[in-house]
Amino acid sequence: KRWISERRFLHALNYCMVLPGPEAQQLATYLGWLLHGKWGGLVAGALFVLPSLFLLIVLSWLYMAFGNTPAIAGLLYGIKPAVTAIVAFAAWRIGKRTLHSIWLGAISLAAFAAIFFFALPFPAIILAAAACGWLGGRALPQHFAASTPHASKNRTYGKALIDDDTPTPDHARFSLGRFLRTLIIGLALWGGTLAALNFSFGREGLLTQMGWFFSKAALLTFGGAYAVLPYVFQGAVNQFGWLNPGQMIDGLALGESTPGPLIMVTTFVGFVGAWTHAPFGNQHLLTAGVAGALVVTFFTFLPS
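Residues numbered from 1 in each chain as written. Predicted model: local features only at pLDDT ≥ 70, side-chain atom pairs only at ≥ 80, totals over all residues. Heavy atoms only, no water.

Quick notes on the pattern of salt bridges
Moving on, step 1. Applying the stated rule across the entire model yields three salt bridges.
Moving on, step 2. With a shortest N-O distance of 3.9 Å, Arg173 and Asp170 are connected by a salt bridge.
Moving on, step 3. Among the ionic contacts, a cluster of salt bridges with common partners joins Lys159, Asp163 and Asp165. (Salt bridge = Lys/Arg side-chain N within 4 Å of Asp/Glu carboxyl O.)

Section: unusual backbone geometry
Moving on, step 1. Non-glycine residue Arg2 carries a positive phi angle of around 55°.
Moving on, step 2. Tracing the backbone through its elements, the reader meets Arg2 in the segment before helix H1 (6-17).
Moving on, step 3. Unusually for a residue other than glycine, Ala278 sits at a positive phi of about 45°.
Moving on, step 4. By the secondary structure assignment, Ala278 is in the loop between helix H10 (265-277) and helix H11 (285-301). (Helix = DSSP H or I, 4+ residues; strand = E, 2+ residues; numbered from the N terminus.)

Details of the nonpolar core
Moving on, step 1. Within the largest apolar cluster, 48 residues are counted, with the highest numbers of intra-cluster contacts made by Phe214, Trp242, Leu243 and Val269.
Moving on, step 2. Put simply, the parts of the chain that give this core at least two residues each are helix H2 (23-66), helix H3 (70-98), helix H6 (176-201), helix H7 (206-218), helix H8 (225-239), helix H9 (245-256), H10 and H11.
Moving on, step 3. Among all residues touching Phe214, those that are not within four sequence positions of it are Val232, Trp242, Thr266, Val269, Val296, Phe299 and Thr300.
Moving on, step 4. Ile4, Leu31, Ile162 and Ala172 belong to the second-largest nonpolar core, a separate cluster that totals five residues. (Core = buried A, V, L, I, M, F, W, Y, C linked by side-chain atoms within 4.5 Å. Buried < 20%, exposed > 50% of the residue type's maximum accessible area, 1.4 Å probe, protein only. Contact = heavy atoms within 4.5 Å.)

So, the side chain of Gln26
Moving on, step 1. Examined against the element boundaries, Gln26 turns out to sit in helix H2.
Moving on, step 2. Judged by relative accessible area, Gln26 falls into the buried class, the value being 8%.
Moving on, step 3. Among the polar contacts listed, one links the side chain of Gln26 to the side chain of Ser304, at a separation of 3.2 Å.
Moving on, step 4. Ignoring sequence-local partners within four residues, the contact set of Gln26 consists of Cys16, Leu19, Pro20, Gly21 and Ser304. (Polar contact = N/O pair within 3.5 Å; in protein donor to acceptor, adjacent residues only side chain to side chain.)

A short note on the packing of aromatic side chains
The description of an aromatic ring pair rests on the distance of the ring centres and on the angle between the ring planes.
Moving on, step 1. Counting across every chain of the model gives 17 aromatic pairs.
Moving on, step 2. Relative to Trp212, the ring of Trp190 lies with its centre 6.1 Å away and its plane at 40°, an arrangement referred to as tilted. One end of the pair, Trp190, is in helix H6; the other, Trp212, is in helix H7, and 22 residues separate them in sequence.
Moving on, step 3. Given the relative accessible area of 42%, Trp212 is considered partly exposed.
Moving on, step 4. Summarising the aromatic geometry, the rings of Phe213 and Tyr231 are spaced 5.0 Å apart at their centres and angled 15° between planes, so their arrangement reads as stacked. Here Phe213 is found in helix H7, whereas its partner Tyr231 is found in helix H8, with 18 residues between them in sequence. Residue Phe213 shares its accessibility class with Tyr231, and that shared class is buried.
Moving on, step 5. An aromatic cluster is built from Phe213, Phe214, Tyr231, Phe240 and Trp242, whose rings are joined through pairwise contacts. (Phe/Tyr/Trp six-rings, centres within 6.5 Å; stacked < 30°, edge-to-face > 60°.)

Describing the environment of Ala114
Moving on, step 1. The residue Ala114 is located in helix H4 (residues 102-116) in this model.
Moving on, step 2. When sequence neighbours within four positions are dropped, the list of residues in contact with Ala114 reads Ala119, Leu120 and Ile125.

So this is what it looks like as structure tokens:
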């Protein structure tokens, strides 16, 4: 499309990777915003998610309504081994890019032991790993230097609409007033929706708890969907019991086998959790599932 130069694209990608939240959706939002201001960002960010949202709602309904029929169960059993291989390959690929010293490998192994054997809270593991990285960067900088997996290969694609030397658009220049307005609107959308759920269903209500939990999840997804999956599993399966381990694996299978970002597996978690716990009664399971999917998706992507 030649909307943006490769250098600016890679700069934006690296910036999104150090922000909490799903980096792909943030990158889409950034590109829309850079080209067309706030409305461009809203349109690009929302349309990046909406097709997957509707698709996952339909697939989640089929899963809950007909998942025990032999045909659907057979499909899922066939997909699961492939998804296991995909996740294992992703771990291997990410590991090759990031674990380029024995010290980083040791942090990885310690994090695995902490969550697998000791079931320590995911945020505590992330904070401890960050502290180790900060101390290691000061004591042994040569072993903690940043790798460049997305480095350019000196490829050229011709002049872009926003090129390397294109002046920064007026709407992209920093403005304290614009920053504060955006912050206030974002906090109002988050706090107002959470307050409405709390008023309607109570503090311990299922949808309220989902909103609060996935607000925290949205601020812990450093490094993409694979980094937050342990946290979602720990909370949704072990802590709240919204779904069981087998259903979580099925959700991964559906998330990996459908277009859209893998983080959309959270939509499946919301649908299945609400359907299973039936906050509106057993006569309104589909309504509950859709509500759970919408709440989880809203709070997962709102910060981004």
